[in-house]
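The lines below spell out each chain.
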Amino acid sequence: MALIRHYAQTTGIIILTDSDTAGFRIRRYIKGAVGGGKITNVYIPDIFGKERRKSEPSKEGKLGVEGMDTDIIIKAFEQAGIRLDNEKRSDISSDPITGLDMYELGLSGGKNSSEKRKAVLKAYGLPELLTSGSMTEILNTMTNRTDFIRECEKILGENITEE
């Protein structure tokens, strides 16, 4: 763990786990163990099925990292803001999505917020187990605030306007 802490403090670390309960438990453990280091979480989408090497699907019925196609993993890295060509995304604004935005959009802290959040997560190809905070973090690497609000209007079928 000392080596992981060192890299988190100096260069940063990337966490890529399965999108099941155990994977999220591992992420929380590492985040707690490294303290304030730089962590980039890469999330694979929820894809249901059975991995070739297994005789039965996993407990939650989702494919793990090793069952994903390479293109899906590359896309997951890009969504987390990590590009193979080492270029920074220029379309992400300096006006990030915040926890308040998530609340105002009905994605946290309100009636049916869990269901709404799952709908938005599915539309973005992200795992349904993401918390509002983790969702905000990853969305800020994928999109800008204006486009996110516009996309939520389409997904949720509500008229959400910025004030």
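Above this text is the structure in question.
Sequence order sets the numbering: in each chain, residues are counted from 1 along the sequence as written. Restriction of local features to residues with pLDDT of at least 70 applies here, the model being predicted, together with a cutoff of 80 or more for giving and counting side-chain atom pairs; totals for whole chains, interfaces and linings are based on all residues. Only hydrogens and water are set aside when side-chain values are computed; all heavy atoms of the structure are taken into account.

1. A closer look at the nonpolar core
In terms of nonpolar packing, the biggest core is built from 22 residues, with Leu107, Val120, Leu126, Leu130, Met135, Leu139 and Phe148 touching the most fellow members. Strands here are runs of E lasting at least two residues and helices are runs of H or I lasting at least four, both read from the DSSP assignment and numbered beginning at the N terminus. Looking at this core, the elements with two or more residues in it are strand E2 (39–43), helix H5 (113–123), helix H6 (132–142) and helix H7 (145–156). Beyond its immediate stretch of four places on either side in the chain, Phe148 contacts Ile97, Met102, Leu105, Leu107, Val120, Tyr124, Leu139 and Thr143. Formed by six residues, the second largest nonpolar core is a distinct cluster that contains Ile13, Ile15, Ile30 and Ile39. We define a nonpolar core as any set of buried Ala, Val, Leu, Ile, Met, Phe, Trp, Tyr and Cys residues linked to one another through side-chain atoms lying within 4.5 Å. Burial classes: relative accessible area under 20% of the type maximum marks a residue as buried, over 50% as exposed, and values in between as partly exposed (1.4 Å probe, protein chains only). Note on definitions: a residue-residue contact is assigned when non-hydrogen atoms from the two residues lie within 4.5 Å.

2. Some points on the packing of helix H1 (residues 2–10) against helix H2 (residues 21–34)
Axis lines are fitted to C-alpha atoms, over the contacting stretch for helices. Their N-to-C directions set the angle, which ranges from 0 to 180 degrees. It is at 9 Å that the axes of H1 and H2 come closest, and there the two elements cross at 75°. Taken together, the axis directions place H1 and H2 in an arrangement best described as roughly perpendicular. Within the contact between the two elements, H1 uses Ile4, Arg5, Ala8 and Gln9 and H2 uses Ile30, Ala33 and Val34. The nonpolar class holds Ala, Val, Leu, Ile, Met, Phe, Trp, Tyr, Cys and Pro. Asp, Glu, Lys and Arg form the charged class, and all remaining residues, Gly among them, are polar. When the residues that make up the contact of H1 with H2 are grouped by side-chain class, the tally is five nonpolar, one polar and one charged. Oblique is the label for any angle not covered by the other classes, which are roughly parallel (under 35 degrees), roughly antiparallel (over 145) and roughly perpendicular (65 to 115).

3. A closer look at the pattern of salt bridges
Note on definitions: salt bridges are taken to be side-chain nitrogens of Lys or Arg within 4 Å of carboxyl oxygens of Asp or Glu. Considering all chains together, one arrives at eight salt bridges under this definition. Taking the shortest distance from any N to any O, the salt bridge between Lys62 and Asp46 comes out at 3.3 Å. With Lys62 in the loop between E2 and helix H3 (70–79) and Asp46 in the loop between E2 and H3, this pair connects stretches of sequence that are 16 residues apart. Here Glu128 ties to Lys62 by a salt bridge, and the two come within 3.9 Å at their closest N and O atoms. Highlighted residues: Glu128 in the loop between H5 and H6 and Lys62 in the loop between E2 and H3, separated in sequence by 66 residues. Classification of Glu128 as partly exposed rests on a relative accessible area of 36%. By relative accessible area, which is 7% here, Lys62 ends up buried.

4. Brief notes about the packing of H5 against H7
Two elements in contact, H5 and H7, have axes separated by 10 Å at closest approach and are oriented at 110°. Comparing the axis directions of H5 and H7 gives the class roughly perpendicular. Read as a crossing pair, H5 and H7 show a hand that is right-handed. Side by side, H5 and H7 meet where Lys116, Ala119, Val120 and Ala123 of the first sit next to Phe148, Cys152, Ile155 and Leu156 of the second. For the contact of H5 with H7, the residue count by class is seven nonpolar, no polar and one charged. The hand of a helix crossing depends on one turn: near helix anticlockwise from the far one by less than a right angle means left-handed, and clockwise means right-handed.

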